[in-house]
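The lines below spell out each chain.
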Amino acid sequence: MSIGFYVGKDLTADGSTLLGGFGHEPSSHWIDIIPAQDHPEGSTTQVGVTEEAEIPGELMKIPQVKHTYKFISSSYSEFEGFPPPLTNGGLNEHGVAGRDIWSDSRQELVDMTPTPQRGPNYSDLARIAMQRARTAREAVEIIGDLINQYGESTYGGNSHLFADQNEGWVMIEYAGGQGLWAAERLGPDEVRVSYPGYIHNFPVDFKHNENFMGSDNIVEFAREKGWWDPHRDHPDYLNLQKVYGTPFPGEGVSQEEDPFTAMRVPPEREQELATLIPVRLEDMLALVRDPRWSNDHSGYGQVAHIRPHVHRQLQTLWIAVTAAVTTPYVPVPIATDPLAVPPEFVQHRYMTKYSDSEYLSADYAPQEATRYATREFKRLLYFTSEHPEYFLHPVTGKIEKLEQKMLEEHRELEARVLQLLACHRQEDAQQLINGKVQKWFLKSLRLGMKLTDEVESEIRKRFGIRMPKDTAPLGETTPPWSQSMVQESNEDMVTCYDPRLDEYPRRFGIYSKK
């Protein structure tokens, strides 16, 4: 599960396109900057899933293109048994941003998915789109061509949300092994929330409409199955959500009953988002941070700030390495070198798939010896979630105060970089960007550690550290703290959300002056 927010350039305060969101994954998370690369003739890239996936499959290799573009990404190690590392997209050197968001297909499609399945999985599609696309439209075309040629390995239905400086596209990939996919253009005067990803009215003659794309069989297959009938239903379009999807999870669910599920009605979230117009970058940062969905299940936070008339190397992805509710965002221009990301923010063994099966490679010992930023900010999340009524506002305020400072410094950095580039001092500009980004990451980590110490100290004084309950069967003697730490389906998640604390969506920085 994931969430994505798109705001077209006509609806933002500075004329930028904004694309924000995160993925829900129970695993390790870290930051990667994947450089542009040239590949020799005959090179291939591995795609697909293994027999360990929820719907088993087999890996395959497909041809690699001669040149792949640079992109910034949040990487992680586990979802539905898929092989790591995984990605949901990010921002590439052409100013194309991508988000991957779940979108359940109807059960009949899931049931007819062949095993073993073959073809790129959702992460493969996101990665390849980031490495090959120069526009959001092209990202859809690339994924569509891959599915048409190789099929897709699914976990039950998926979607992507792409954006560039001019427009966005939402794309749905359906389960079933039939190569079914569809895409809808989002204009500069639109907002879209994918939670899950959806498309409603899709024209039957989509091939003659530049605002839509789809697989050749997207209409006819629905007719064959009896899921759409032009005589019974509307003759000119299909409601793809009703034909191929499932009802939104939050429909008919009250906030009192299950606030997390109740939020999952995208049109309702779009109405909220519209109240922020003209939307600022800061508003999007706060929206992705919103504790109604940013919690222990959210792996990271991203906001792509895609601006027209900005030097291509200065397009920026704001990244929180783990759940943004208690993690500062750091601005990362696309020009940033991979090694400018401190080792604290790259892969560590904590919650990383397969990390407990063997001893550590000596080559990774120095990297592993550093403090793992994801773990440090998780600690802050866990402590804050124990008593959000005491700690959420002050923690948010101090985090956003740091981000306000980074916003100012980011503007100053861009102005200085442009001066250096005008004087043909590219190397000096590169060093300046690398140094600033590294400084921002380390400052965010120091703040997180300081806040964790402060909140932990207060909890020990006021409440003590709560210990787990005993869930072992009768007759077992293992103490509670050594039993399974896995969340059961009937248990509440770790969250800072308390409906009494705020009215959402809220404005960025309102707690920073306290």
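Preceding this section is the structure that the text describes.
Here the structure is a predicted model, which is why all the values come from computation and not from measurement.

1. Some words on the side chain of Glu409
(1) Moving on: Summarising the element assignment, Glu409 is placed in helix α11 (residues 388–422).
(2) Moving on: Take Glu409: its relative accessible area is 8%, and that puts it in the buried class.
(3) Moving on: Beyond its immediate sequence surroundings of up to four residues, Glu409 is in contact with Lys436, Trp440 and Lys443.

2. A short note on the pattern of salt bridges
(1) Moving on: Within this structure, the stated rule accounts for 36 salt bridges.
(2) Moving on: For Arg134, the salt bridge is made with Glu138, and the minimal N-O distance between the two is 2.7 Å.
(3) Moving on: Linking Glu454 and Lys398 is a salt bridge whose minimum nitrogen-to-oxygen distance equals 3.3 Å. Of the two residues, Glu454 sits in helix α12 (residues 426–462) while Lys398 sits in helix α11, which places them 56 residues apart along the sequence.
(4) Moving on: What makes Lys398 partly exposed here is its relative accessible area of 38%.
(5) Moving on: Within this structure, Glu268, Arg269, Glu272, Asp290 and Arg292 form a network of salt bridges that share partners.

3. Details of a nonpolar patch on the surface
(1) Moving on: A grouping of Ile465, Met467 and Trp481 is seen on the molecular surface, where their side chains present a nonpolar patch of about 340 Å² in accessible area.
(2) Moving on: Relative to the helices and strands, Met467 is located in the segment after α12.

4. Some details on the side chain of Thr316
(1) Moving on: As for its placement among the helices and strands, Thr316 is situated in strand β20 (residues 316–320).
(2) Moving on: Among the polar contacts listed, one links the side chain of Thr316 to the backbone oxygen of Leu314, at a separation of 2.8 Å.
(3) Moving on: Setting aside residues no more than four positions away along its own chain, Thr316 makes contact with Leu91, Val303, Ala304, His305, Arg307, Pro331, Val332, Pro333, His410 and Glu414.

5. Concerning the environment of Ala222
(1) Moving on: Locating Ala222 in the fold gives a position in helix α4 (residues 220–225).
(2) Moving on: Along the backbone, Ala222 and Tyr244 are 22 residues apart, and their C-alpha atoms lie at a distance of 7.9 Å.
(3) Moving on: Apart from residues no more than four positions distant in its own chain, Ala222 is found in contact with Trp227, Trp228, Leu238, Val243 and Tyr244.

6. Quick word on empty space enclosed by the protein
(1) Moving on: With the rule as written, the count across this model stands at five cavities of 30 Å³ or more.
(2) Moving on: Looking at the largest cavity, its volume works out to about 70 Å³.
(3) Moving on: In terms of lining, the largest cavity is formed by Arg289, Pro291, Val325, Leu392, His393, Thr396, Asp502, Tyr504, Arg506 and Tyr511.
(4) Moving on: Take the lining of the largest cavity: its biggest share by element is three residues, from α11.
(5) Moving on: Here the lining of the largest cavity is built from residues that sort into five nonpolar, two polar and three charged.

7. What to know about the packing of helix α10 (residues 373–386) against α12
(1) Moving on: Running from amino to carboxyl end, α10 crosses α12 at an angle of 35°, the nearest separation of the two axes being 9 Å. At the point where α10 passes α12, the crossing takes the left-handed sense. Residues Ala373, Glu376, Phe377, Arg379, Leu380, Phe383, Thr384 and Glu386 of α10 touch α12, and the partners they reach there are Ser444, Leu445, Gly448, Met449, Leu451, Thr452, Val455, Glu456 and Ile459.
(2) Moving on: Residues that form the contact of α10 with α12 fall into these classes: nine nonpolar, four polar and four charged.

8. Some words on the sheet that holds β20
(1) Moving on: Here six strands make up an open sheet; going across it, the order is β15-β1-β2-β19-β20-β21 and the pairing antiparallel. Two strands lie at the open edges of the sheet, namely β15 (191–194) and β21 (330–333), each paired on one side alone. Neighbour-to-neighbour, the strand axes of the sheet open up by a mean angle of 15°, direction not taken into account.
(2) Moving on: Along the sheet face, α11 touches β20 and β21 and points at about 150° away from the line of β20.

What counts, and at which threshold
- Residues numbered from 1 in each chain as written.
- Predicted model: local features only at pLDDT ≥ 70, side-chain atom pairs only at ≥ 80, totals over all residues.
- Heavy atoms only, no water.
- Helix = DSSP H or I, 4+ residues; strand = E, 2+ residues; numbered from the N terminus.
- Buried < 20%, exposed > 50% of the residue type's maximum accessible area, 1.4 Å probe, protein only.
- Contact = heavy atoms within 4.5 Å.
- Salt bridge = Lys/Arg side-chain N within 4 Å of Asp/Glu carboxyl O.
- Patch = residues over 30% accessible without salt bridge, like charges linked within 9 Å, V, L, I, M, F, W, Y side chains within 5 Å.
- Areas by Shrake-Rupley, 256 points an atom, 1.4 Å probe, with all protein chains shown as cover.
- Polar contact = N/O pair within 3.5 Å; in protein donor to acceptor, adjacent residues only side chain to side chain.
- 1 Å grid on protein atoms, 1.4 Å probe; cavity = no way out; pocket = protein on both sides within 12 Å on 5 of 7 lines; lining within 4 Å.
- Points joined across faces, edges and corners; volume = space filled by probe spheres on them.
- Nonpolar A, V, L, I, M, F, W, Y, C, P; charged D, E, K, R; others polar.
- Axes fitted to C-alpha atoms, helices over the stretch in contact; angles between N-to-C directions.
- Left-handed = near helix turned anticlockwise from the far one by under 90°.
- Pairing = 2+ DSSP bridges.

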